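Okay, here's what each chain looks like letter by letter:
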Amino acid sequence: MEFKLSEELQAMRRSAREFTEKEIVQYADKWDEQHHFPLEVIRKMGELGYFATATPEKYGGLEMADGMLAQAVLCEEIGRGSSSVRVAFNTQFLGTALSILRHGTEEQKKRWVPDLISARKIGCFAITEPNAGSDVLSMKTTAKPVDDGFILNGCKIWISYASKADVAIVYAYHDRSAGSKGLSAFIVDMHLPGVCARDLDKMGTRSSPTSEISFDNVKLPRDALLGSLGDGVKICFGSLNQTRLGCASGGVGLAQACLEAAVRYANEREQFGKKVGEYQMNQDLIGQMAVQIEAARLLTYRAAWQKDQGEFGNTLETSYAKYMAAETAVFCAHAAMKIFSAYGYSTEYPVARFYRDAVLYQIVEGTANIQKTIIAQDALGYRKANR
Ligand code: GRA
């Protein structure tokens, strides 16, 4: 067992932290207030290879043996600065390029992967619909096979980066009568006629645009199909199992930011003649934050490490990580708010943003209840998590 990151990963972490401090931390509150999507920062992350660690060199990647662990570490560091910017790990790689690498043809890999991991093109993935959230397979979007391709019709909701995206992985039924075998995955050019994305307002993560997409008789070429007809379930659940790692990493990063902010403040602020960090009630919070973050981080790294061993179907361990990281993010944001008190509630410090952003980790990519369901049903022997 090895609990130490390689020299290379430690160096990557340091450089990602410097990048985050210089390019993100000081602007994140303003971007959030203005709903500004920092495309230029995401492009820079692409140029620096942040989304490329687990991609073969032949598609422009860094082909690192611990490339998924590198994704976890980098995503954590970026997430420490902004939960909105960390979403890019999912839209550029974990939920898009990685699915194409795992299921696409040589042509599809060459066409899409280099542009996604370099962030020359922005990606997104579209699963959820207004009436199909946790219950993914109840989705209604259809891709009707026609002679030279498919006709896509339907509506997706809560799709991160969709309004800025050049390409989307879209899940739709090619045959509604075939049950789960009728679901397929498609690589959709978001500039095609009939595609329309509209941004939704939300309480946090506001510099990550979240959109509703409508597909109105969108004509897809035959080579838009990812994998074979009927592979949709496998690709979709397989992809969620990678994007959940992005959420887990982001949650750890956010929790870490809360701890650092709380420690700084507790060492500065004085009440009743001493630093507020000297009060045991605040030490209780700081102690719990530190230990929970460490546990969430270890679960996250373990899940990433398994993926580096080729175990991409590690749903159970990924759900442990995602669940724990989300709970930790919420706990730490609330604890930081208590320590900062009125200053936390003000917009003078980023704690208010952390608090608003934290809740999302319990919702996206499978709610906390869905993660617990996956874990409990596996424990009870009702439904095996790892496939
Ligand atoms: O028996 P069958 O032939 O019908 O097949 C079943 C099963 O074998 C069928 O799916 C198959 N299957 C799989 N096949 C290959 C299930 N899992 C896999 C797999 N990993 N690989 C149905 O299976 P089931 O067991 O009956 O599943 P279910 O009851 O429909 O669902 C289970 C579950 C609740 C866990 C699942 O639906 C789920 O994970 N729901 C949560 C959905 C979710 O995470 N949504 C998030 C969407 S993305 C998002 O929020 C955007 C965020 C943007 C950002 O921040 O990045």
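My aim in this report is to walk through the structure given alongside it, one point at a time. None of these values were measured; they are calculated from a predicted model. (Residues numbered from 1 in each chain as written. Predicted model: local features only at pLDDT ≥ 70, side-chain atom pairs only at ≥ 80, totals over all residues. Heavy atoms only, no water.)

1. Structural notes on the nonpolar core
Here is step 1 of the chain: With 117 residues, the main nonpolar core has I42, M45, Y50, F51, F89, F93 and L152 as its most contacted residues.
Here is step 2 of the chain: Sort the elements by how many residues they give to this core and helix α7 (residues 232–268) lands first, with 17 residues.
Here is step 3 of the chain: Not counting residues within four places of it along the chain, the set of residues in contact with I42 comprises F37, F51, V85, A88, A119, I122 and Y161. (Core = buried A, V, L, I, M, F, W, Y, C linked by side-chain atoms within 4.5 Å. Buried < 20%, exposed > 50% of the residue type's maximum accessible area, 1.4 Å probe, protein only. Helix = DSSP H or I, 4+ residues; strand = E, 2+ residues; numbered from the N terminus. Contact = heavy atoms within 4.5 Å.)

2. So, the pairing of strand β5 (residues 183–189)
Here is step 1 of the chain: Burial runs high along β5: six of the seven residues are buried.
Here is step 2 of the chain: The sheet contact formed by strand β4 (residues 167–173) and β5 spans seven bridges and is antiparallel. Its bridge partner being in β5, A172 is matched across the sheet by S184.
Here is step 3 of the chain: With two bridges connecting them, β5 and strand β8 (residues 225–226) associate as antiparallel partners. (Pairing = 2+ DSSP bridges.)

3. Focus: the environment of G46
Here is step 1 of the chain: Mapping G46 onto the fold places it in helix α3 (residues 39–47).
Here is step 2 of the chain: Each C-alpha atom, one on G46 and one on D115, is 9.1 Å from the other, the two residues being 69 residues apart in sequence.
Here is step 3 of the chain: The residues contacting G46, other than those within four sequence positions of it, are F51, I117, S118 and A119.

4. A closer look at unusual backbone geometry
Here is step 1 of the chain: Backbone geometry at T205 places phi at a positive 45°, although glycine is not the residue there.
Here is step 2 of the chain: Residue placement: T205 occurs in the loop between β6 (195–200) and β7 (210–221).

5. Points about the packing of helix α5 (residues 83–103) against helix α6 (residues 106–117)
Here is step 1 of the chain: Between α5 and α6, the least distance of the axes is 9 Å, while the angle of their chain directions is 165°. By the criterion of interaxial angle, the relationship of α5 to α6 is roughly antiparallel. Seen along the crossing, α5 lies across α6 with a hand that is left-handed. Where α5 approaches α6, its residues T91, Q92, F93, T96, A97, I100 and L101 are matched on the opposing element by Q108, K109, W112, V113, L116 and I117.
Here is step 2 of the chain: Partitioned by chemical class, the residues of the contact of α5 with α6 number eight nonpolar, four polar and one charged. (Axes fitted to C-alpha atoms, helices over the stretch in contact; angles between N-to-C directions. Parallel < 35°, antiparallel > 145°, perpendicular 65-115°, else oblique. Left-handed = near helix turned anticlockwise from the far one by under 90°. Nonpolar A, V, L, I, M, F, W, Y, C, P; charged D, E, K, R; others polar.)

All we've got here are geometric facts, nothing functional implied.
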